[in-house]
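Structural description and commentary
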Amino acid sequence: PAARGRDPSSPPEWPEVEKAEKLARGAALKWASGVFYRPENLEGLGQYRSRETQRNSSIQSRLKSTVQSYLEGVSAGLEQLRSAVQEVQSVCQELGAARWALLDCADRFQDLQQMRTLMAEHVQLASVVQVLPQLFSVHEVFSHTLQLLRGQHLLEAHVEIMMMEHLRDNILSQLHLRGLSSAQATVLSYFSGLQELNESLAKQLWGIVGSSLQLVQEDPVLFVTAVRIIEREEKIDDTLLLDATFLPPGRPKGWRQKFYHVLQETITGTHFHTTRMDAGLSRHLEALQRDIVSELRVVKDLMVQCVPAHYNILSVCTATYHQALASHLQDILREDLDKQALFHLLKWVLHVYHSSEMMGHPDLLPEVDVSSLGPLISPELVDQTERRYVVKLKASVLEWMPRTLNREFEEWFREKEPKTDHQGFFQSDLPTDVIEMLNSNIKVTSSITSSLQQKVYNMALEELEAFLGRSVEPLTPLPFLTDPYYVPYLLAMLNNNLAWGLLQGKAHMLPGSRRAGAMGCCATLQMELLQEQHGAGHFMFFCASFQPLCVQLASRKWLSGSQLVNKLTAFFCPGAQLLLTECEVLVANQYLRALMQKKMVCKSKEERGQFCDRLLQDATQLRELFCSLGLDRSQQNLEAVFAVRELLCLKDTALLSLEVLGFITKYPDVSDEHISTLLDLRGDVSKEVRHMVLEMMAQHPQALPESYQPIFSTILVPAPELPFCLRKGKCA
């Protein structure tokens, strides 16, 4: 309807409205053309027109009512604004009147300020008047409190001290709030006696705490009194610390911490001083063990009941004993202790301390538990102490062993045979004494730690190895060849090797993780035993039986004689297989060495045959001898003598090259010099044959197999004598 009343030629007020009208008209025309397209629908046109007219009227009436309600609300709001403006104007007028009234009363407010100041001064004077009697009696209270302290009436004395401190602190607090610092100095000087009373009270308290272990048994009331006073002071400290505006002088006192400190100092000073070790370390440790257990019993049974639960007095005392003892032991270890002291200390620390005899005592469990406090001495210090003990023990062993060895060799000069065992073999007490001494030291360390036992075991093997080396030095036969008892004593030392070998089995008794090192040491020890056996066996066999024969071997005197070794069996005891092998090697070596000396050269075929027969006789006798003693033929080096004999008795010299080739194949360490010497012994080898043999050897060099035992390489061929080149002539 508004669009119908507007001039179509005038521009629209809002483009959106114009666009909306066009869309509405188009939609209406489209709908009407669709509805009234058919003639039968034209009959309802009037009906539709009346319905649309009614709807437009309804819409217009609703719009009018809505606009009317909006207008009424705007009218009410304008009315309220008018009344609000009037009220604001009224308030402004009243505030202006009040301002003028306040300006008129300013002078009267100044009079009130003066009244307030006077009232504050009156209050101060009233409070001063109230405390004047107390201030006047301060020195009298000081004297009375001092008398109470001297009479050990500690609770009453402490009450008066607290009263005086409270009075002083109140005065100082008021002065602090008003900034009167100069007056504070006067008050402090007036209450200076409080410092003396506090010091006197504290001195008595710490004396009681220092003797608390005795007091809880004899007079627990005095100790409980001291604890009550300390707790009072702790509460005062806590209260003052919460009020951070003013902290009186001397606060906080911290007497509870001082209580712990004095108790710890008492425990430390009473027991843990090296000056108390005059009676020896062992007795000192026993006294510590006895005193600590006794005092912890007192703490657990009596002192715990005399102090508040939050003191944890048993835990504090246990930790104090543990820490002080740890420090004390470290001080002791800094001293130069002997091996016995080191042993006792290690045993006490590692076993006694945690046992049922001390900290694990039934009277202390389960309240006392030191497992959480750590070890008394660190593992590094334990290892260091064990090494110190081994060094001291080694020095003792080094001092003992030479004396024992000297006593052993002094017996060699006695004109009597050595002792014999139950089988009749020569033997001495030296192995038994040495092994028992070493075993006793090894066994005693098993009660400490396996690592200490291992260290002592290794030291024992090292010293035994060195001892065996030293025991071989006097075995040289030269000074004793004229001594009729030299051989029996030498045999006794050889038989002692069986006893020395028993120590090797101890390695199997050690823990598996340490067995390898022990077996390594045993291997070295076994080599020393073998060396001693070799040396003693060589000396015995060579000087007692074979040495005289070696002088005559391969000589014309030997060729015409018939004596051979016939007493070798007297020098071997059962089980001496290694010594038997070494003697056989020595015999073969000396025999071949005598042949290489070229003491004679066969001059004829008959003499060469006699020479070969004697070689066969000697080699056969020696082989049968060693076989009868238990040495198999395959293990003997005397086969080389048989091979040399075959080379010497060969009749056809043309076959020497072939014979020598077989010889060097069997014995690849033989040299040209050895073969030349053997050819010289024959006495019938021409230069051409010799040259052919040596050339053949040069064409067939031999390599030594890995399992081959050298024979000829240990035998040196003497250098040939140079011919005398000058002419023979008369002397001038």
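Residues numbered from 1 in each chain as written. Predicted model: local features only at pLDDT ≥ 70, side-chain atom pairs only at ≥ 80, totals over all residues. Heavy atoms only, no water.

Here is the rule: UniProt positions are given in the numbering used here, feature names are shortened, and annotations may be inferred rather than shown by experiment.
In the nomenclature of an unreviewed UniProt entry, the protein is known as Exocyst complex component 3 like 1 of Anser brachyrhynchus. Taken directly from UniProt, the Sequence similarities (unreviewed entry) text for the protein runs: "Belongs to the SEC6 family."

**Side note on the overall build of the protein**
Convention followed: A run of H or I in DSSP counts as a helix once it spans at least four residues, and a run of E counts as a strand once it spans at least two, with each numbered from the N terminus. For every residue, the accessible area obtained with a 1.4 Å probe (protein chains only) is divided by the maximum for its type, and the residue is called buried under 20%, exposed over 50%, and partly exposed between those limits. Two residues qualify as a contact provided that any one of their heavy atoms is within 4.5 Å of a heavy atom in the partner residue. Method for areas: the Shrake-Rupley scheme with a 1.4 Å probe, in which residue coverage is limited to the protein chains shown.
Helices and strands together make up the secondary structure of the protein, namely 25 helices and 0 strands. Counting every position in the protein, which comprises 732 residues, the buried fraction comes to 38%. In the protein, of all internal contacts separated by at least 6 residues, the share reaching a separation of at least 24 is 75%. For the protein, the accessible surface area stands at approximately 43300 Å², while carbon and sulfur atoms represent 56% of it.

**Looking at the pattern of salt bridges**
This is how it is decided: Every case where a carboxyl oxygen of Asp or Glu lies within 4 Å of a side-chain nitrogen of Lys or Arg is listed as a salt bridge.
Under the criterion given, the structure shown has 25 salt bridges. A salt bridge links D680 to K598; the shortest N-O distance between them is 3.2 Å. Of this pair, D680 sits in helix α24 (residues 672-682) while K598 sits in the loop between α20 (577-596) and α21 (605-628), placing them 82 residues apart in sequence. By relative accessible area, which is 36% here, K598 ends up partly exposed. In the salt-bridge network here, residues are joined through shared partners; they are E165, E233, D237, R251 and K253.

**Structural notes on a nonpolar patch on the surface**
We apply this condition: For patch detection, residues must exceed 30% relative accessible area and be free of salt bridges, and they are connected within 9 Å for like charges or within 5 Å for nonpolar side chains (Val, Leu, Ile, Met, Phe, Trp, Tyr).
Judged by side-chain polarity, V74, L78 and L81 come together as a nonpolar surface patch covering roughly 290 Å² of accessible area. Tracing the chain through its elements places L78 in helix α3 (residues 45-136). Taking the relative accessible area as the measure of exposure, L78 reaches 44% and is therefore partly exposed.

**As for the nonpolar core**
Where we set the bar: Put simply, buried Ala, Val, Leu, Ile, Met, Phe, Trp, Tyr and Cys residues joined by side-chain atoms within 4.5 Å make one nonpolar core.
Counting 101 residues, the largest nonpolar core has L205, W206, F223, F259, L325, L329 and W348 as the members making the most contacts within it. Discounting residues that sit within four places of it in the chain, L205 has contacts with L154, A226, I229, I230 and W255. Judged by nonpolar contacts, the second largest core, of 50 residues, contains A554, L595, V660 and F712.

**Comments concerning the packing of aromatic side chains**
The following threshold applies: Side-chain rings of Phe, Tyr and Trp, where Trp is taken by its six-membered ring, are said to pair if the distance between their centres is within 6.5 Å; with planes under 30 degrees apart they count as stacked, over 60 as edge-to-face, and otherwise as tilted. In this scheme, the term charge over a ring applies when either NZ of a lysine or CZ of an arginine sits within 6 Å of the ring centre and within 35 degrees of the ring normal.
Per the stated rule, a full pass over the model turns up 10 aromatic pairs. Ring geometry for F223 versus F259: centroids 6.3 Å apart, planes at 40°, classification tilted. Here F223, found in helix α9 (residues 220-242), pairs with F259, found in helix α10 (residues 255-271); they are 36 residues apart in sequence, far enough to count as distant. Residue F223 shares its accessibility class with F259, and that shared class is buried. Ring geometry for F343 and Y389: centres 5.9 Å apart, planes at 40°, overall tilted. With a gap of 46 residues between them, F343 in helix α13 (residues 339-352) and Y389 in helix α14 (residues 379-410) connect regions that are remote in the sequence. Pairwise contacts between aromatic rings join F223, F259, Y260 and Y311 into one cluster. Lying across the ring of W100, R99 places its NZ or CZ 5.7 Å from the centre. Directly above the aromatic system of W255 lies the positively charged group of K253, at a separation of 4.8 Å from the ring centroid.

**Quick look at the packing of helix α4 (residues 138-150) against helix α7 (residues 193-210)**
Counted only if it meets this: To define axes, lines are fitted to C-alpha atoms, for helices over the stretch in contact only, and angles between the resulting N-to-C directions are given on a 0 to 180 degree scale. Orientation categories follow fixed angle ranges, with anything under 35 degrees roughly parallel, anything over 145 roughly antiparallel, 65 to 115 roughly perpendicular, and all other angles oblique. Residues were grouped as follows: Ala, Val, Leu, Ile, Met, Phe, Trp, Tyr, Cys and Pro as nonpolar; Asp, Glu, Lys and Arg as charged; and all remaining residues, including Gly, as polar.
Remark: α4 packs on α7, axes separated minimally by 10 Å, with the N-to-C direction vectors making an angle of 10°. Here α4 lies roughly parallel to α7, going by the angle between them. Contact residues: F142, T145, L146, L149 and R150 in α4; G193, L194, E196, L197, S200, L201 and Q204 in α7. Looking at side-chain class alone, the contact of α4 with α7 contains 6 nonpolar, 4 polar and 2 charged residues.

**Points about the packing of α24 against helix α25 (residues 687-699)**
Rules: Note: crossing handedness is left-handed where the near helix turns anticlockwise from the far helix by less than a right angle, and right-handed where it turns clockwise.
Running from N to C, α24 and α25 point in directions that differ by 155°, and their axes come no closer than 11 Å. Taken together, the axes of α24 and α25 lie roughly antiparallel to each other. Here the hand of the crossing between α24 and α25 comes out right-handed. Where α24 approaches α25, its residues D672, I675, S676, L679 and D680 are matched on the opposing element by R690, V693, L694 and M697. Considering only residue class, the contact of α24 with α25 consists of 5 nonpolar, 1 polar and 3 charged.

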